[in-house]
Amino acid sequence: MDKVILLKLGELWLKGDNRGDFVDRLILNIQNVTGVKKADIETRQGRIYINKYDRNIFNSFKYIFGLSGYTEAYRGNNSLEEIEKFSHEIAEEGIQKGVKTFKIETTRALKKFPGNSMEISAKIGESVLNKFEELQVDIHEPDLVINVEIRKEGLFVYSSLDERKAKGGLPVGMSGKGLLMLSGGIDSPVAGWHMLKRGMSIDAVYFHSPPYTGDKTKEKILDICKVLARWKAAPVRLFVPHFTKIQTETSKNVDNAFWTLLHRRFMTKISEKLAQDNNYQTLITGESLGQVASQTIENMAAVSKDIDIPIMRPLLGFDKGETIEIAKDIETYKISILPYEDCCAVFASDRPKTRAQIDSLIKLEKRFEVDKMIEEALADMQIYNISSKKIEHVKR
């Protein structure tokens, strides 16, 4: 019997005249993640079929944005006999897994097929009951739903036990390019993931301060990027400016209460420069309003003063518990909690300003040769291309 992987499209199917561009991008991402050839991918209204069934790639579809769900399905010609045959197969598999109750749900998009959806479900349900005496019908809370789709392109029958929910969103690559300001904490990887979900292609910048932050911290960041690359369906480029001199110089010449904010402002300026030089349209941060002292509205305004590129803060209204749950789900949490501190933690203020005045921060900044310090940080920068499986060091 022929089996396919049936992919259900999410919100992109609501798009208008440019729907084809979204679907084309989704198919490209499917190929990048799974290795499936384009000839084995069939697109229909609201559905994509992977016609060369391979169980080994089944779980890969959880990482592809633009899908609302996916399942393996029997595919055949539109006939009642085929529906019965496939339904019996699914029922037998269900019994082996302990199923006691079932129901049939039919969608009849091909209107010339005889009988309406309720009549077809009743006939198939009766057939399953006659063959398997140990099963009973339960239309409210069945152990198993046998789904029947009768469509122009063919007949599809699949089990609710094989259905998986996907993350929805838009295909990565349809919403521009962003540069994620990535730290070793829990929040920033989740922020990057949210922008990927909205179709933005992201890369990342991480600020390294040797010898205060060691190789283990950088390895942690590289591993986070490997996870993000899986969701991106493409490699993540990671920029690693050398941040030691900026942190040591500012920490010597500025009151401790302003360290975090001034370091954050330098990071934002360096990220802005990287974004402008590499055609990124926005910066992305993991800030959440009021979560820590540096993330008051006054401090965020002070840090971003005179920054000409938009700054996206997708976690602004999240509490920590919500962010942790997402981090666990997307597989970054266990990496983020490894006990290797990044430069933000090493040079954190003991008594940080919570409502800094913009003019005060700008005045402190003028004590330094800002442009020169930024140039030096970028001159010593390392660059990596990171896929879900390998790390390529492209600039030392």
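The preceding data block contains the structure.
Residues numbered from 1 in each chain as written. Predicted model: local features only at pLDDT ≥ 70, side-chain atom pairs only at ≥ 80, totals over all residues. Heavy atoms only, no water.

Draft legend 1. Main features of the side chain of Thr34. Looking at the element boundaries, Thr34 is found in helix H1 (residues 19-34). Residue Thr34 is classed as buried on the basis of its relative accessible area of 14%. Among the polar contacts listed, one links the side chain of Thr34 to the backbone oxygen of Ile30, at a separation of 2.7 Å. At 3.2 Å, the side chain of Thr34 and the backbone nitrogen of Val36 are in polar contact. (Helix = DSSP H or I, 4+ residues; strand = E, 2+ residues; numbered from the N terminus. Buried < 20%, exposed > 50% of the residue type's maximum accessible area, 1.4 Å probe, protein only. Polar contact = N/O pair within 3.5 Å; in protein donor to acceptor, adjacent residues only side chain to side chain.)

Draft legend 2. Representation of helix H7 (residues 259-277) in the model. Between its first and last C-alpha, H7 extends 27 Å over 19 residues, near the 27 Å set by a 1.5 Å rise per residue. Trailing H7 by a residue or two, Asn279 shows a phi angle of about 65°, which is positive. (Expected span 1.5 Å × (residues − 1).)

Draft legend 3. Representation of the side chain of Arg47. Following the sequence through the fold, Arg47 ends up in strand S3 (residues 47-50). There is a polar contact of 2.7 Å between the side chain of Arg47 and the side chain of Glu149. Sequence-distant contacts of Arg47, defined by excluding residues within four places in its chain, comprise Leu6, Leu7, Lys8, Leu9, Glu42, Glu149 and Arg151. (Contact = heavy atoms within 4.5 Å.)

Draft legend 4. Molecular detail of the environment of Phe239. Within the secondary structure, Phe239 sits in strand S12 (residues 236-240). The exposure class assigned to Phe239 is buried, which follows from its relative accessible area of 2%. In this structure the C-alpha to C-alpha distance between Phe239 and Lys395, which are 156 residues apart in sequence, comes to 9.4 Å. Discounting chain neighbours no more than four positions away, the residues touching Phe239 are Leu179, Ala204, Val205, Tyr206, Leu274, Asn278, Tyr280, Met381, Gln382 and Ile383.

Draft legend 5. Region of interest: the packing of H7 against helix H13 (residues 370-379). Contact geometry of H7 with H13 gives a least axis separation of 10 Å together with a crossing angle of 65°. By the angle between their directions, the pair H7 and H13 is classed as roughly perpendicular. The two elements H7 and H13 cross, and the hand of that crossing is right-handed. Where H7 abuts H13, its residues Phe266, Lys269, Ile270, Lys273 and Leu274 lie against Val370, Met373, Ile374, Ala377 and Leu378. For the contact of H7 with H13, the class distribution of residues is eight nonpolar, no polar and two charged. (Axes fitted to C-alpha atoms, helices over the stretch in contact; angles between N-to-C directions. Parallel < 35°, antiparallel > 145°, perpendicular 65-115°, else oblique. Left-handed = near helix turned anticlockwise from the far one by under 90°. Nonpolar A, V, L, I, M, F, W, Y, C, P; charged D, E, K, R; others polar.)

Draft legend 6. Structural detail: a nonpolar patch on the surface. A cluster of nonpolar residues, Leu129, Val137 and Ile139, forms a patch on the protein surface that exposes about 250 Å² of accessible area. Residue position: Val137 is located in strand S6 (residues 136-137). (Patch = residues over 30% accessible without salt bridge, like charges linked within 9 Å, V, L, I, M, F, W, Y side chains within 5 Å. Areas by Shrake-Rupley, 256 points an atom, 1.4 Å probe, with all protein chains shown as cover. Salt bridge = Lys/Arg side-chain N within 4 Å of Asp/Glu carboxyl O.)

Draft legend 7. The arrangement of the pattern of salt bridges in detail. In total, this model carries 19 salt bridges according to the counting rule given. In this structure, Lys216 engages Glu219 in a salt bridge whose closest nitrogen and oxygen atoms are separated by 3.9 Å. Pair noted here: Lys216 and Glu219 are both in helix H5 (residues 215-232), with a separation of three residues, about one helical turn. Taking the relative accessible area as the measure of exposure, Glu219 reaches 40% and is therefore partly exposed. For Lys245, the salt bridge identified is with Glu376, shortest N-O distance 3.1 Å. Of the two residues, Lys245 sits in helix H6 (residues 244-253) while Glu376 sits in helix H13, which places them 131 residues apart along the sequence. Through salt bridges with shared partners, one network takes in Lys3, Arg55 and Glu72.

Draft legend 8. Looking closely at the pairing of strand S4 (residues 67-76). Taking burial as the measure, the ten residues of S4 include nine buried ones, the bulk of the element. As judged from the seven bridges shared by strand S1 (residues 3-9) and S4, these two strands associate in the antiparallel manner. Looking at the pairing, Leu7 lines up with Tyr70 of S4. With two bridges joining them, S4 and strand S9 (residues 164-165) adopt antiparallel strand pairing. Residue pairing across strands places Tyr70 opposite Arg164, the latter belonging to S9. For S4 and strand S8 (residues 154-159), the ladder comprises three bridges, and the chain directions are antiparallel. Opposite Gly76, over in S8, you have Leu155 as the bridge partner. (Pairing = 2+ DSSP bridges.)

Draft legend 9. Highlighting unusual backbone geometry. One non-glycine residue, Asp306, lies in the positive phi region at around 70°. Mapped onto the fold, Asp306 is located in the loop between helix H8 (297-303) and strand S14 (311-312). Backbone geometry places Glu331, a non-glycine residue, at a positive phi of 80°. Position of Glu331 among the secondary structure elements: in the loop between helix H9 (320-330) and helix H10 (333-336). For Glu331, a relative accessible area of 29% corresponds to the partly exposed category.

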